[in-house]
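Listed below are the residues making up each chain.
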Amino acid sequence: MASRTTDIGEGESLGRVQLRSESGEIILIPKPSNDPNDPLNWSQPFKYYVAVVTCFGMLMCTFLAAGPTVALVQIAMDFGGGPKANLAAVLPAVALFFTVSALTQGTGNLIWQPLINKYGKRPMYIISFTGYFATALWSGLETSYSGELTARVLLGFFSGAGECLGPGTISDVFFLHERASAMAMYNFATGSGVSIGIIVSGIITLKNSWRMIYFVGAAMIGVLLLLIIFTFPETAFNRVYDKTEPGDIYENKKNPFRLSLSIILDDNEKAQVARYYAESDEQFEGTKDESSVIQRMEDRIRRLEAVVLGGQKYTPLPGTTPQKKSWASQLALFSKETFTEETLWKMFIRPFGMILLPPVFWAMLVMSVIIGFSVAISSSFANDLEKAYGFTSFQSGLCFIGSLVGGILGIPAGGPVGEAVANYFTIRNKGVREPEFRLPAIAISVITAPLSLILYGVGIQNKMHFMVPVLGLSLLSFSGGQAINISFVYTLDAYSPVSGEVTIAQLAFKSIIGFGLSAATNIWIADSGPALAFSEMAGITLVVLLLAVPLFFYGPRLRRWSLGWRAVQFVNWQGRT
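Draft legend 1. Representation of the overall build of the protein. Scanning the protein from terminus to terminus reveals 24 helices and four strands. Put simply, the protein has 577 residues, and 54% of those count as buried. A separation of at least 24 residues holds for 80% of the contacts in the protein among residues at least 6 apart in sequence. Carbon and sulfur atoms make up 65% of the accessible area of the protein, which amounts to about 24,800 Å² in all.

Right under this line is the structure:
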């Protein structure tokens, strides 16, 4: 009989999968169905098209999150009363535009993720990017401080949906062994959106007002929205498998199909059927061209008819083979089906339990310190570089070219390198994959992340060559792409049935902690000086990243043990794979 797959039992095998057979062949996880509409069965080029559009969306989600910060001084003068504005008093208030949108970008996903789980990704893509388009225009047109702050709050809320749509989309269409590279693309797009946004914004401000940054961003979001509406189908899928193994039907002599033959056949026909089983089963079982149990049963009936009756009289029932949906039906706003039976409330509260699980909490800390300190730098770098080197907005924006290069280099360091390390330990473990097997790859960022913060702080305070803080920005971007990809994919592997809630737990609490870190850094730097303050930030980052060491050795035991904690019992899930 056919039925939906069930969840992993008691956590004994949670995150642990047999990824390779004894012969070394890759085992496909998740197991694809025989339905041509299953995203796992889409062609590889179309899968990567979906990934590219997804990554373009993620890039745009952060393009306006930090891009306008390159014109922070001009924005402060605009809202502070002109060139005579007291920048020391106005700059912190204007910086709030960007830190508060970073906060709502993460916390808003507590609302988006239950809706995505319940109703699918396509409608949420369309709704969220339509709202993002509208608030981008609003931010560019608004002239009052309170109106601009409100627009930025909503801009963060709508753009933040992409942070949970992206990983979910990639998990929908790629097999487990393919996800690391696709997730590296996603993390690069998310991180590079900041760099690209700042570089492009710096170019725009050469001959235009800072408001043009929002108008250009809105135009790009509009193009993306058209691609989503007309080319991007739903990737969520209610996957159904036939649990009946071929041996249950064709080899079990107590099977009801065999018993029914004893009722309708006479002795002579039974003898013919017995000879058929003895002579034909081995040959039949060796065939590889049947794609489903139903097709094999139909073939068998035809063979039996030929043996017993001397001719075929069986006509297969219509509708037994899934039909591919038309392109128009794939592009409907709502698919008229839900993708989970869980309530929205239960999915809303689950991230509050998921964050207590040690691997998720650690991955959230990795995100928080790297992104939080990055946001702190992006909200003040224009002023820092102007004071230290007299840079214009355009020149400050060009400094982020190094950050973009760092993000590009972070793709192979976080994806293929991480996957290669995981494969190495998987082979040593006789083909059994543990999520912790990718953690040793984070050793690269253990060096580069603290170093990046030290280079930036020391370089700015001592007015060293401008390439010193630029190198710091580059290494920080590289570390963000590398370390966050490793820690993030680790949690997705460890808790794949609730990967959406795992994502939201990290993003929501990251944004809260990151907001606190970024808001406190201005006072922190003012009291301690850039060199000491950023060195302390480097120490915090180092400690967080080094927690990967105990997780590598004790992570599997810790994951299974922590699922039994009373405080996280309500995160249990049913019917989720």
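Anyway, onward from the coordinates.
Draft legend 2. A look at the environment of Leu91. Tracing the backbone shows Leu91 in helix 3 (residues 87–107). Leu91 sits 17 residues away from Gln74 along the chain, and the two C-alpha atoms are 9.9 Å apart. Those residues in contact with Leu91, other than ones at most four positions away along the chain, are Leu72, Val73, Ala76 and Asn383.

Draft legend 3. Quick peek at the nonpolar core. Ranked by size, the top nonpolar core spans 111 residues in total, and within it Leu64, Phe129, Trp362 and Tyr495 carry the most contacts. If sequence neighbours within four positions are ignored, Trp362 has contacts with Leu439, Ile442, Ser487, Tyr490, Val544, Leu545, Leu547, Ala548 and Leu551.

Draft legend 4. Molecular detail of the environment of Leu546. Within the secondary structure layout, Leu546 lies in helix 23 (residues 530–546). In the structure, Leu546 is positioned 104 residues away from Ile442 in sequence and 8.9 Å away in space, judged by C-alpha atoms.

Draft legend 5. Structural view of unusual backbone geometry. If you check the backbone angles, Lys430 has positive phi at about 60° while not being a glycine. Mapped onto the elements, Lys430 comes out in the loop between helix 19 (416–428) and strand 4 (432–433). Despite not being glycine, Lys463 shows a phi value in the positive range, around 50°. For Lys463, the location among the structural elements is in the loop between helix 20 (443–461) and helix 21 (467–494).

Draft legend 6. Fine view of the packing of aromatic side chains. Applying the stated criterion to the full structure yields 28 aromatic pairs. Look at Trp112 and Phe158: their rings are 6.3 Å apart centre to centre, the planes differ by 55°, and that puts the pair in the tilted class. A residue pair is termed long-range when its members are at least 10 positions apart, and Trp112 in helix 4 (residues 109–119) and Phe158 in helix 6 (residues 145–173) qualify at 46 residues. Overall, Trp112 belongs to the buried group, its relative accessible area being 4%. Taking the centre distance of 6.3 Å and the plane angle of 55° together, the rings of Phe129 and Tyr132 count as tilted.

Draft legend 7. Layout of a nonpolar patch on the surface. Together, Tyr119, Ile127, Leu333, Phe334 and Leu344 make up an exposed nonpolar region whose accessible area comes to about 400 Å². Mapping Tyr119 onto the fold places it in helix 4.

Draft legend 8. Up close: the pattern of salt bridges. What the rule picks out here adds up to nine salt bridges. Between Arg559 and Glu436 there is a salt bridge, with the nearest N and O atoms lying 2.8 Å from each other. Highlighted residues: Arg559 in helix 24 (residues 548–562) and Glu436 in the loop between strand 4 and helix 20, separated in sequence by 123 residues. Like Arg559, the residue Glu436 is buried in the burial classification. The closest approach of N and O atoms between Arg438 and Asp493, which form a salt bridge, is 3.0 Å. With Arg438 in the loop between strand 4 and helix 20 and Asp493 in helix 21, this residue pair connects regions lying 55 residues apart in the sequence. Each member of the pair, Arg438 together with Asp493, is buried. Residues joined by salt bridges that share partners form a network here, namely Glu419, Arg433, Arg438 and Asp493.

Draft legend 9. Expanded view of the environment of Val446. Within the secondary structure, Val446 is located in helix 20. Val446 sits 100 residues away from Leu546 along the chain, and the two C-alpha atoms are 6.9 Å apart.

Draft legend 10. Representation of the packing of helix 4 against helix 22 (residues 499–528) in the model. As a packed pair, helix 4 and helix 22 sit with axes 9 Å apart at the nearest point and diverge in direction by 170°. In terms of their interaxial angle, helix 4 and helix 22 are classed as roughly antiparallel. Across the interface between the two elements, Asn109, Leu110, Gln113 and Asn117 from helix 4 touch Gly500, Glu501, Ile504, Leu507 and Ala508 from helix 22. For the contact of helix 4 with helix 22, the class distribution of residues is four nonpolar, four polar and one charged.

Draft legend 11. The side chain of Asn37, seen in detail. Take Asn37: it is sitting in the loop between strand 2 (17–18) and helix 1 (44–66). We classify Asn37 as buried; its relative accessible area is 12%. In this structure the side chain of Asn37 is engaged in a polar contact, spanning 2.8 Å, whose partner is the backbone nitrogen of Lys325. Residues contacting Asn37, with those up to four places away along its chain left out, are Trp42, Phe237, Gln323, Lys324 and Lys325.

Criteria and thresholds
Residues numbered from 1 in each chain as written. Predicted model: local features only at pLDDT ≥ 70, side-chain atom pairs only at ≥ 80, totals over all residues. Heavy atoms only, no water. Helix = DSSP H or I, 4+ residues; strand = E, 2+ residues; numbered from the N terminus. Buried < 20%, exposed > 50% of the residue type's maximum accessible area, 1.4 Å probe, protein only. Contact = heavy atoms within 4.5 Å. Areas by Shrake-Rupley, 256 points an atom, 1.4 Å probe, with all protein chains shown as cover. Core = buried A, V, L, I, M, F, W, Y, C linked by side-chain atoms within 4.5 Å. Phe/Tyr/Trp six-rings, centres within 6.5 Å; stacked < 30°, edge-to-face > 60°. Patch = residues over 30% accessible without salt bridge, like charges linked within 9 Å, V, L, I, M, F, W, Y side chains within 5 Å. Salt bridge = Lys/Arg side-chain N within 4 Å of Asp/Glu carboxyl O. Axes fitted to C-alpha atoms, helices over the stretch in contact; angles between N-to-C directions. Parallel < 35°, antiparallel > 145°, perpendicular 65-115°, else oblique. Nonpolar A, V, L, I, M, F, W, Y, C, P; charged D, E, K, R; others polar. Polar contact = N/O pair within 3.5 Å; in protein donor to acceptor, adjacent residues only side chain to side chain.

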